[in-house]
Amino acid sequence: MREDFLWGGASAANQYEGGYQEGGRGLSINDVEQGASHGQSRIIHDCIDEKCYYPSHQATDFYHHYQEDIALLAEMGFRCYRMSICWSRIYPHGDDEIPNEEGLQFYDRVFDELLKYGIEPIVTLHHFEMPLALVKKYGGWRNRKMIDLSVRYAKTVMERYQNKVKYWITFNEINSLFIAEVPWHQAGIIYQEGENKTDVMFQAAHYQLVASAKTIIEGRKINSQFQFGNMILYNCCYAMTCHPLDQMMLHDKLLPIYYFSDVQIRGKYTNTCLSYQKRMNAHFDIEEGDLEILRNGVIDFYSFSYYSSLVEGREIEQSADGNLLDGGKNPYLETTQWGWQIDPLGLRISLNLIYDRYQIPLFVSENGLGAVDEFKNNTVYDNYRIDYLRQHIQALIAAIEEDFIDCFGYTMWSPIDIISAGTGEMKKRYGFVYVDYDDLGQGSGQRYKKQSFSWYQKVVQTNGKEI
Ligand code: BGP
């Protein structure tokens with residue numbers, strides 16, 4: 001393993017930060033979304049109903065605990081930390097004349113705290129979040145206006161933090177726009193009755209791709225040392241059988257995954273993209289100048305989330321859950337308590353497939369186990385989490401050392417417990433650190449190290465040798 005390998009963890013503001021009314025922050029789309037249980041969908045409200053509980057309001061209160069939490073990351077030896085900026089902390093309504101200084105100062109303090117310990121911040125500009133006002137006023141990413149507004153926000157933070165942040169990720173899991181039944185997190189969109197969902201989806205995807213490229217073009221003018229990455233939800237996929245039709249279905253399943261990264265790396269809608277547009281019978285507008293922006297705003301590294309794998313084929317008997325995507329059940333794999341299939345080798349396979357296709361540096365920006373933890377003796381005996389992460393990290397190391405994949409970092413999801421994106425639950429925990437809150441936000445908010453804390457500390461200290 002390279003000595004400068006970036007070991008760390010990842011989180012997102014809307015699931016972690018809380019402090020939803022503090023420091024001049026505006027409402028974000030997550031603030032009107034209720035939690036749900038496994039198998040149910042989260043309910044999105046039009047505005048805040050005082051009688052309801054909204055997980056993002058408090059989340060796990062990074063806003064007030066950032067110093068303590070970052071000290072814990074430093075104790076584990078983190079070399080990097082992936083986090084997101086909440087857009088409505090910077091521009092409370094998205095289209096305000098001037099940015100909110102208090103919001104900017106908050107992230108100044110966070111970055112300073114990270115840098116104090118030598119932890120490299122990796123910043124996601126859009127992680128399932130946007131000002132709610134932009135949905136009300138413009139209809140979210142249905143509207144072309146979002147390109148300029150989002151680039152303005154990106155420029156503001158890139159200028160402000162140009163000496164503190166080098167790595168930027170434009171959109172989290174950008175391809176999940178094609179997967180989510182309701183792309184609320186991804187684009188602030190709820191499909192209307194009778195509208196052509198496919199066209200809306202492809203149009204929003206085009207706007208986000210242009211916004212991503214434009215952000216990169218502007219960012220490079222601010223600091224030529226910036227490194228830009230995309231972020232793809234990657235579910236490794238297997239064909240059910242060697243029947244050519246199953247193989248073709250597998251090929252088709254991968255089209256929407258490659259759709260975004262092809263544009264972000266090749267700088268154009270490739271044959272893969274055109275083929276997917278055709279299969280979906282998609283129509284959307286491309287304005288003059290858009291293609292040139294796409295050509296000039298390509299990324300430096302490919303980042304992706306990896307949690308599970310799926311099976312595709314004509315006769316899938318049982319379906320399995322996954323990170324947004326569902327597919328067939330794989331009889332050879334165990335599942336998590338939330339039904340996500342556990343497949344460490346799939347990570348090695350994915351790293352190979354992605355690297356073979358693109359040949360640019362890779363970064364594993366999310367990987368982890370969501371589980372119900374039993375809090376006992378002020379800790380959690382989470383051997384299951386250690387097992388999951390150990391096997392995945394071993395697969396990653398094998399890909400780097402034996403398959404010669406150029407991967408420069410790994411950020412597990414998510415070092416301190418946070419609320420789940422899918423359900424808003426607290427009990428689906430991923431962390432090395434237990435946070436004393438329940439599904440309704442009750443509890444002291446106190447932090448406790450789980451057994452996995454010292455395990456990961458050793459992994460980082462020994463650069464993956466002791467695992
Ligand atoms: C990814 C998201 C994260 C995260 C993770 C786990 O899709 O980028 O925000 O939450 O999945 O999903 P969940 O929280 O639903 O368990």
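Before any of the text, the structure's been laid out above.
Residues numbered from 1 in each chain as written. Predicted model: local features only at pLDDT ≥ 70, side-chain atom pairs only at ≥ 80, totals over all residues. Heavy atoms only, no water.

(A) Molecular detail of the overall build of the protein chain. The helix and strand tally for the protein chain stands at 15 helices and 17 strands. Relative to its length of 467 residues, the protein chain is compact, with a C-alpha radius of gyration of 21 Å against a globular reference of 23 Å. Once the C-alpha set of the protein chain is aligned to its principal axes, its extents read approximately 55 × 55 × 45 Å. Here the protein chain, with 467 residues, has 63% of them falling under the buried criterion. (Helix = DSSP H or I, 4+ residues; strand = E, 2+ residues; numbered from the N terminus. Rg over C-alpha atoms; globule rule 2.2 N^0.38 Å. Buried < 20%, exposed > 50% of the residue type's maximum accessible area, 1.4 Å probe, protein only.)

(B) Structural view of the packing of aromatic side chains. In this structure the tally under the stated criterion is 41 aromatic pairs. Ring geometry for Phe111 and Tyr161: centres 4.8 Å apart, planes at 75°, overall edge-to-face. Taken together, the positions of Phe111 in helix 5 (residues 101-116) and Tyr161 in the loop between helix 7 (145-160) and strand 4 (167-171) put the pair 50 residues apart, joining distant regions of the chain. Given a relative accessible area of 0%, Phe111 falls into the buried group. By the ring-pair criterion, three or more aromatic residues cluster together here, those being Tyr16, Phe62, Tyr63, Tyr66, Phe106, Tyr107, Phe111 and Tyr161. In this structure, Arg89 packs its charged tip against the face of Phe106, placed 5.3 Å from the ring centre. Across the ring face of Tyr91, the terminal group of Arg152 is positioned such that the distance to the ring centre comes to 4.3 Å. (Phe/Tyr/Trp six-rings, centres within 6.5 Å; stacked < 30°, edge-to-face > 60°. Lys NZ or Arg CZ within 6 Å of the ring centre and 35° of its normal.)

(C) Spotlight on the site of the ligand. In the vicinity of the ligand lie 15 residues, with Gln15, Glu173, Ala421, Lys428 and Tyr430 positioned nearest. Interatomic distance of 2.9 Å between a side-chain N/O atom of Glu366 and an oxygen atom of the ligand. Within the side chain of Ser420, one N or O atom sits 3.3 Å away from an oxygen atom of the ligand. Across the complex, the protein chains shield 96% of the 370 Å² of accessible surface that the ligand would expose by itself. (Near = heavy atom within 4 Å. Polar contact = N/O pair within 3.5 Å; in protein donor to acceptor, adjacent residues only side chain to side chain. Areas by Shrake-Rupley, 256 points an atom, 1.4 Å probe, with all protein chains shown as cover.)

(D) Representation of the side chain of Thr379 in the model. Here Thr379 is to be found in strand 14 (residues 379-380). Since its relative accessible area comes to 8%, Thr379 is described here as buried. Those residues in contact with Thr379, other than ones at most four positions away along the chain, are Glu374, Lys449, Lys450 and Gln451. (Contact = heavy atoms within 4.5 Å.)

(E) Expanded view of the packing of helix 13 (residues 344-358) against helix 14 (residues 383-401). Where helix 13 contacts helix 14, the axes come no closer than 8 Å and their chain directions differ by 30°. In terms of orientation, helix 13 and helix 14 fall into the roughly parallel class. Between helix 13 and helix 14 the crossing geometry is right-handed. Residues Pro344, Leu347, Arg348 and Leu351 of helix 13 touch helix 14, and the partners they reach there are Gln391, His392, Ala395, Leu396, Ala398 and Ala399. Considering only residue class, the contact of helix 13 with helix 14 consists of seven nonpolar, two polar and one charged. (Axes fitted to C-alpha atoms, helices over the stretch in contact; angles between N-to-C directions. Parallel < 35°, antiparallel > 145°, perpendicular 65-115°, else oblique. Left-handed = near helix turned anticlockwise from the far one by under 90°. Nonpolar A, V, L, I, M, F, W, Y, C, P; charged D, E, K, R; others polar.)

(F) Spotlight on the environment of Asn330. Position of Asn330 among the secondary structure elements: in the loop between strand 11 (327-328) and helix 13. Residue Asn330 is classed as buried on the basis of its relative accessible area of 9%. Remark: the alpha-carbon pair of Asn330 and Tyr207, spanning 123 residues in sequence, is separated by 36 Å. Ignoring any residue separated from it by four or fewer positions in sequence, one finds Asn330 in contact with Tyr238, Val311 and Gln341.

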